[in-house]
Amino acid sequence: MIMKRLKATTAIVAIALSGTMALSDGYGPFPVTLQGYSGDKTNTVSYSGQIARHVLEQSLKKLAGKGNGGGNAVDLEAQMLSYFNGSDEDLPIIAPKSKDGFKIKQTSLHQISKGKNISGKFYDGAMPAWPGNMSGKDAAYNMIAMAAKSNKGFDADTGYDWAQLISKYTMGAMAYNQAVDNYLDEKLSAEKKPNNKPYKDGVHYTGKEHSWDEAFGYWGAAAHQHGFNPNKVYEIAKMKNQGAADKNGDGMVDLKSEYVFGPCYYAAAFDRSGTKSTNYTNTLFDAFLDGRKLITAAAGDALSDSERSQLKGYAATIEENWEKVLAEAVFKYAGSVYKDINKMKDLSGDDLNKAYRAYAKHWGELKGFAMAMQSGKSNLGATATKMNELMGFGPVTLNNSYVTGMDSNGNFVMDRKRSWSDYQLHMLKIQQMMVDQFSVKARVNDGLNDLQALTDKLDSASSAETD
Amino acid sequence: MDDINLIDFFLSDFINPKKRVFSGYLILSIVLAALWLLFIKQQSFRGALKKIFDKKILWSGSAKADYKLFLVNRIFTFFISPLLISQVAISTAIYLFLHSVDIFNQNLFANTPTSVIITLFTITLFVVDDFTKYIVHRWMHKIPLLWAIHKVHHSAKTMTPITVYRVHPLEGVLFSLRSVFAQGLVIPSFLFFFGNAVDLYTIVGVNILVFFFHATGSNLRHSHIDIAYWKWLEHILISPSQHQVHHSIADAHYDKNFGAALAIWDWVFGSLHLSENKGDVVFGLDTYESGKEGKIKDLYLDPIYEIARIIKIFAVRIVSQALNRLLLIKNLFLAQIKKNRS
């Protein structure tokens, strides 16, 4: 009895302690450590450029669904490009926008940061997952042009959902790529952006402080979400819980620090669903936070080799878990596509068209995330080749044809057919691949789930008895 | 591992309703045996008790060996079972295969009422499982290499419910694989054609049919209580007495009644033998020297030696046949040369 009480008390104290820690232990503010700094700045955390880019991506996604079948193609493409390439003018924020019960502080880009674009920070290596032998950036331009010509961002013939493709791909080709292949990679070396010098002339933060902050900005977490339950993080991104988002209580959600963007949103979404056995949201946040504390603790000295190797350890945790989140997304949407096909098999007429639209949306997310995975630091090699082959350039469409390439005029070629069940098999294989290669654990929409559940229920050992 | 875990580790089968020796089934078996002896065999209450808890049987050398094997095999299972292929692996492979065959239409029967799907699945699983038990058991008797292993089980001279564990670890492996294969085949096929409504009717977490098999005295198969069924029923279900016939050393009982729960397979494949009611049958192996049935070391190692012997004989035969052929070719060759010269 006494033990029980003691345990209960300990638990309460622990919860209370962790509660206060969660409140006080956000990402920033962190003090100025730059030696010889004489200005009046007190906080060195700064990643508003990344927030601006997340906003550009979300706005671009909204625009991708605004086509009217060709009539507004020229204007729409120009408008989309102003968000992709950036603009000297102040652009309105198209998304995320205030709604009832969730007021957002900023309404235009310059209120966040000036002179930012997506294209300058976009993966531009080879992108074999997209037809036409394009570079990563050209694939994005191709999608933008196609989206502008489409009807509400959807092309029924090819099954492409442009808004989903562009947005999910950008989450990888910009955010994931910049964080893991730039800020957490080269910029952690001893020579580049050292900690005993300002990041650039005239700023009050050191090279390493800012490099780390930039990566954190790309991750898209709210600065105060430390220790949050994934549901709460999810609700902030979905604009359903202003109370959780509005840290300073000014009645508005500041996109610069209080909102949750794409990459982090997906981590929370996987933590709260599927097998509920993952903790991506907090693992990544803690790694970012611990790394930043380590840099701050160096007090403006250049990092020692051991400090840098510890920092690289945190970076490795970030990279590994971020990749897993993308793999979980591929797993989830391969499962969605699988289920959608089952639904479509029984439908016809309008119901079928509706189901096909949902299928195309899920496929767009699947493809976008698959391309995102291939725009990081590590070369996925044979895994990528196999994944692209299984997924194809496009989904199997209503007449069983699918995009197999692009002709010299830039038109999609659809000269082959595949059966629905064959394509379902491919989806299961993709799921299996995500398990084998990336050890995904959340496993949302697991196509083999029923199999596993029944097998567990039967328990083979029970029948090992012989006579 | 502390004390509690050790007890749990060794005796968990007695509290697991998926196992034949679950204490509930054992108690039911005692009740059944008592009813049989009292009302059918017209024995006195004392007589019945004495027969059920016969010290000479429960503590015979053979039975003591059963108990030791039960404990030692537990350790073997613990180390071996993780190495075996899992049902999930087989199920997944078959499930993927079904997708790749275009003429197979997924969810073809998904509109079948759920209760029908569950009933079908429950029965199919039981029947397929039982049939593979029959087949593998038959092989254990007919194939010398496997008989070397299965002999361990048949060396029992007295039988108690624990005799079901009197098996060589290699037999345990074979039977586990059989189970993995049977279920790995049925589960994905049902899921593919019937969709995710597939489920099992269970009682205390056990397939309802398996539950009835155990609750109606499956433990008495390995006992001296010779409960027999009506003749017509013994064509469908194997009675305890029929399984005792399977363990008998009498010539007339040789290679009979391989079935586990269902007698149908024996009936169809000509190995059925009905119970006889001729008094106690003698269990064991007539080829076994007396006293050996209680020696643990021999029970584990003899099968290995015998397998080695069989393989050696086989290898020698192959090699000598090959040599003979070479010799023949050589002689023909020489004869040809001679002929050419002359």
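Calculation criteria
- Residues numbered from 1 in each chain as written.
- Chains lettered and ligands numbered in written order.
- Predicted model: local features only at pLDDT ≥ 70, side-chain atom pairs only at ≥ 80, totals over all residues.
- Helix = DSSP H or I, 4+ residues; strand = E, 2+ residues; numbered from the N terminus.
- Rg over C-alpha atoms; globule rule 2.2 N^0.38 Å.
- Buried ≥ 20, exposed ≤ 12 C-beta atoms within 10 Å, placed from the backbone.
- Contact = placed C-beta atoms within 7 Å.
- Arc of directions from axis to C-beta.
- Core = buried A, V, L, I, M, F, W, Y, C linked by C-beta atoms within 7 Å.
- Domains from an automatic or database assignment.
- Nonpolar A, V, L, I, M, F, W, Y, C, P; charged D, E, K, R; others polar.
- pLDDT = per-residue confidence, 0-100.
- Axes fitted to C-alpha atoms, helices over the stretch in contact; angles between N-to-C directions.
- Parallel < 35°, antiparallel > 145°, perpendicular 65-115°, else oblique.
- Left-handed = near helix turned anticlockwise from the far one by under 90°.

Asker: Please provide a residue-by-residue account of the overall build of chain A, values included.
Answerer: Of the regular secondary structure elements, chain A holds 15 helices and six strands. At 24 Å, chain A has a C-alpha radius of gyration in line with the 23 Å of a compact globule built from 467 residues. For chain A, the C-alpha atoms occupy an extent of roughly 75 × 70 × 45 Å along the three principal directions. Put simply, chain A has 467 residues, and 50% of those count as buried. Once local pairs closer than 6 in sequence are excluded, the contacts in chain A between residues at least 24 apart make up 70%.

Asker: If you had to explain the overall build of chain B to someone new, which residues and values would you point to?
Answerer: Tallying secondary structure elements over chain B gives 13 helices and two strands in all. Looking at chain B residue by residue over its 342 residues, the buried ones come to 35%.

Asker: Which residues make up unusual backbone geometry, and what values go with them?
Answerer: A negative phi angle characterises most non-glycine residues, just as the trans form characterises most peptide bonds. Going from Gly28 of chain A to Pro29 of chain A, the amide bond is cis rather than trans, its omega being 0 degrees. Looking at the element boundaries, Pro29 of chain A is found in the loop between helix 1 (2-24) and helix 2 (48-64). A cis geometry characterises the amide bond from Ala95 of chain A onward to Pro96 of chain A, with omega recorded as 0 degrees. Secondary-structure assignment places Pro96 of chain A in the loop between helix 3 (73-85) and helix 4 (136-149). Of note, the phi angle at Lys193 of chain A is positive, near 45 degrees, even though the residue is not glycine. Here Lys193 of chain A shows up in the loop between helix 5 (162-183) and helix 6 (207-219). Positive phi, close to 55 degrees, is recorded for Asn257 of chain B, a residue that is not glycine.

Asker: Tell me about helix 15 (residues 449-458) of chain A, and name the residues and values.
Answerer: The complete set of buried residues in helix 15 of chain A reads Asp450, Leu451, Leu454, Thr455 and Leu458 of chain A. One face of helix 15 of chain A carries all of its buried residues, which in axial projection span an arc of 130 degrees. Structurally, helix 15 of chain A contributes buried residues whose contacts are with helix 6 (87-100) and helix 9 (169-194) of chain B.

Asker: Let's hear about the nonpolar core: which residues, and what values?
Answerer: Grouped together as the largest cluster of nonpolar side chains are 157 residues, with contacts concentrated most on Met80, Ile166, Val260, Leu326 and Val330 of chain A. Residue contributions to this core peak at 15 residues, all from helix 11 (residues 305-345) of chain A. Residues in contact with Met80 of chain A, not counting those within four places in the same chain, are Leu60, Leu63, Ala64, Ile144, Ala147 and Ala148 of chain A. By size, the runner-up hydrophobic cluster in this structure holds 18 residues, among which are Val21, Val152, Val167 and Phe175 of chain B.

Asker: Residues and numbers for the domain arrangement of chain B, please.
Answerer: All names here are of chain B. By the assigned domains, chain B splits into domain 1 (3-294) and domain 2 (299-342). Taking the mean C-alpha position of each, domain 1 and domain 2 sit 42 Å from one another. Taken residue by residue, the interface counts 11 residues in domain 1 and six residues in domain 2. For the side of domain 1 that touches domain 2, the secondary-structure elements that each account for two or more residues are helix 5 (61-80) and helix 8 (144-154). In terms of residues, the side of domain 1 that touches domain 2 owes the most to one element, helix 8, which gives six residues. Residues of the side of domain 1 that touches domain 2, tallied by class, amount to eight nonpolar, two polar and one charged.

Asker: Before we move on, can you summarise the environment of Glu323 of chain A with the specific residues and values?
Answerer: Residues and elements named next belong to chain A. With respect to the helices and strands, the residue Glu323 is situated in helix 11. A C-alpha to C-alpha distance of 17 Å links Glu323 and Gly217, two positions 106 residues apart in sequence. Dropping the residues within four chain positions of it, Glu323 is found in contact with Met373, Gly376 and Phe438.

Asker: How would you summarise the interface of chain A and chain B if you had to cite specific residues and measurements?
Answerer: Contacts between chain A and chain B engage 25 residues on the former and 36 residues on the latter. Within the residue set of the side of chain A that touches chain B, elements represented by two or more residues are helix 14 (420-438) and helix 15 of chain A. For the side of chain A that touches chain B, the element with the highest residue contribution is helix 15 of chain A, accounting for seven residues. Its residues assigned to classes, the side of chain A that touches chain B comprises eight nonpolar, 10 polar and seven charged.

Asker: Just give me the short version of the confidence of the model for chain B, but keep the residues and values in it.
Answerer: Taken residue by residue, chain B gives an average pLDDT of 91. The fraction at 70 or more is 98%. Complex prediction metrics read pTM 0.78 and ipTM 0.72.

Asker: How would you explain the packing of helix 14 of chain A against helix 6 of chain B if you had to name every residue and give the values?
Answerer: Close contact between helix 14 of chain A and helix 6 of chain B brings their axes to 7 Å; oriented N to C, the two are set at 150 degrees. Between helix 14 of chain A and helix 6 of chain B, the angle falls in the class roughly antiparallel. Contacts between helix 14 of chain A and helix 6 of chain B pair Ser421, Asp422, Gln424, Leu425, Leu428 and Lys429 of chain A from the former with Leu96, His99 and Ser100 of chain B from the latter.

Asker: Report on the packing of helix 5 of chain A against helix 6 of chain A, specifying residues and quantitative values.
Answerer: Residue and element names in this part refer to chain A. The geometry of helix 5 relative to helix 6 is characterised by a closest axis approach of 8 Å and an angle of 155 degrees between their N-to-C directions. One element, helix 5, and the other, helix 6, form an angle in the roughly antiparallel class. Where helix 5 crosses over helix 6, the handedness of that crossing is left-handed. Contact residues: helix 5 offers Ala175, Gln178, Ala179 and Tyr183, while helix 6 offers Ser211, Glu214, Ala215, Tyr218 and Trp219. Among the residues forming the contact of helix 5 with helix 6, the class breakdown is six nonpolar, two polar and one charged.

Asker: Provide a residue-level description of the environment of Ile75 of chain B, including the pertinent values.
Answerer: Mapped onto the fold, Ile75 of chain B is located in helix 5. Separated by 113 residues in the primary sequence, Ile75 of chain B and Pro188 of chain B have C-alpha atoms spaced 31 Å apart.

Asker: Break down the environment of Ser48 of chain A for me, with residues and values.
Answerer: Residue and element names in this part refer to chain A. Looking at the secondary structure, you find Ser48 in helix 2. C-beta crowding within 10 Å serves as the criterion here: with 18 such atoms nearby, Ser48 is assigned to the partly exposed category. Separated by 39 residues in the primary sequence, Ser48 and Ser87 have C-alpha atoms spaced 17 Å apart. Aside from chain neighbours lying at most four places away, what touches Ser48 is Ile112, Ser113 and Lys256.

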